[in-house]
Amino acid sequence: MSPETPEREEQRPTREGAEYRFTIDAFTPRTLPMARLAQYLARLADILGERNQVHLVGIEEGSTALVHEVEPTAVRNVRSRLQAVGRGEAPRDAQEAYRSLDGYLCEDRARAVLREQDNGHGILEFPGADDAEDPYPLVRERGRIFGVVIRVGGTGDRIPILIESDGEPLSGCHASRDVAKMLAHHLFEPVRLMGKGSWLRDAEGRWNVQRFSIDAFEPIESTKVSEALSELRAVAGDWTEEDYRDLERIREGPNVCPSR
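An account of the accompanying structure is given in this report. What you see is a predicted model; the values in this text were computed from it and never measured. (Residues numbered from 1 in each chain as written. Predicted model: local features only at pLDDT ≥ 70, side-chain atom pairs only at ≥ 80, totals over all residues. Heavy atoms only, no water.)

### Section: the packing of aromatic side chains
Applying the stated criterion across every chain, the model contains five aromatic pairs. Judged by centre distance (5.4 Å) and plane angle (85°), the ring pair of Phe22 and Phe126 falls under edge-to-face. Here Phe22 is found in strand β1 (residues 18-24), whereas its partner Phe126 is found in strand β5 (residues 122-126), with 104 residues between them in sequence. Of the two residues, Phe22 and Phe126, neither departs from the other in class, the shared state being buried. Joined through ring pairs, the aromatic side chains of Phe22, Tyr40, Tyr98, Tyr104 and Phe126 make up one cluster. (Phe/Tyr/Trp six-rings, centres within 6.5 Å; stacked < 30°, edge-to-face > 60°. Helix = DSSP H or I, 4+ residues; strand = E, 2+ residues; numbered from the N terminus. Buried < 20%, exposed > 50% of the residue type's maximum accessible area, 1.4 Å probe, protein only.)

Printed below as a string of structure tokens:
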């Protein structure tokens, strides 16, 4: 009696579902606007297809990851559709959804990748911001950021750090695990961050950080500044409140700036 011939993998029916993560590098769940989230999800539904059998099951912390589960009976069709989108051979609605979603990312100066959980490989990449044309070129160099540490956390070797600067969140900051661990001891405290960043200059000449890799930091002891200003106020002279604010700006520098 001859041994039974093994069934080929591609002929076996899929008995388990699949999980996909759409990871966006420029947002955290707290900084991603709900209206934009709805647009992302709508285009993802068009790309994945099988609308009644694909479900959003979570939004993970760190760089925002939209987690989707595909029911077992739809896994084969979803995988085939994604491969076709990657080759540019998918149905028209899927290709248009891919271009539309990549356009949203470009507007948000973000990039994204869609991965299947089992293998972790990039199924589809969305270059987004890499295709943006800016009136001023992107500058990549060392710089510094002044702000308050709002959140430290995430997965991977580079830990997302959320900083509040001038009352606005900066979500493009990352640090190694060692630096992130030390920063966690300064939660809700002002710090000076040093590292390598990507900067854009707007039409008014202000530098805006897009991504920032933190390699060092210093706590800012605001009490010493207050004490120094109090001593200056005690000195006779024609000092105004604007003069004192200028001294603070000279000491701290702009909240976000490259080193040039």
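### Regarding the pattern of salt bridges
Scanning the entire structure with this criterion turns up 14 salt bridges. Its salt-bridge partner being Arg21, residue Glu60 comes within 2.5 Å of it at the nearest N-O pair. Of this pair, Glu60 sits in strand β2 (residues 54-60) while Arg21 sits in strand β1, placing them 39 residues apart in sequence. With a closest N to O distance of 3.0 Å, Asp93 and Arg81 form a salt bridge. Of this pair, Asp93 sits in helix α3 (residues 92-107) while Arg81 sits in helix α2 (residues 75-87); the two residues are twelve residues apart in sequence, bridging distant segments of the chain. On the accessibility criterion, Asp93 (41% relative accessible area) is partly exposed. What you see here is one network of salt bridges that share partners, running through Glu19, Arg21 and Glu60. (Salt bridge = Lys/Arg side-chain N within 4 Å of Asp/Glu carboxyl O.)

### Re unusual backbone geometry
A positive phi angle, near 55°, is found at Asp166, a position not held by glycine. Structurally, Asp166 is set in the loop between β7 (158-165) and β8 (168-176). Phi at Phe188 takes a positive value of approximately 65°, unusual for a residue other than glycine. Here Phe188 shows up in the loop between α4 (177-183) and β9 (190-201).

### Structural notes on the nonpolar core
Phe22, Tyr40, Ile47 and Phe126 are the most contacted members of the largest nonpolar core, which has 33 residues in total. The set of elements that each furnish at least two residues to this core consists of β1, α1 (34-48), β3 (65-70), α2, α3, β4 (112-116) and β5. Looking at this core element by element, the count peaks at six residues for α3. Not counting the four nearest positions on each side in its chain, Phe22 is found in contact with Leu44, Thr64, Ala65, Leu66, Leu101, Leu105, Ala112, Val113, Leu114 and Phe126. (Core = buried A, V, L, I, M, F, W, Y, C linked by side-chain atoms within 4.5 Å. Contact = heavy atoms within 4.5 Å.)

### Some points on the side chain of Glu116
With respect to the helices and strands, Glu116 occurs in strand β4. For Glu116, a relative accessible area of 5% corresponds to the buried category. For Glu116, the side chain forms a polar contact with the side chain of Tyr20, separated by 3.5 Å. For Glu116, the side chain forms a polar contact with the side chain of Arg79, separated by 2.5 Å. (Polar contact = N/O pair within 3.5 Å; in protein donor to acceptor, adjacent residues only side chain to side chain.)

Any link to function would need more than the numbers given here.
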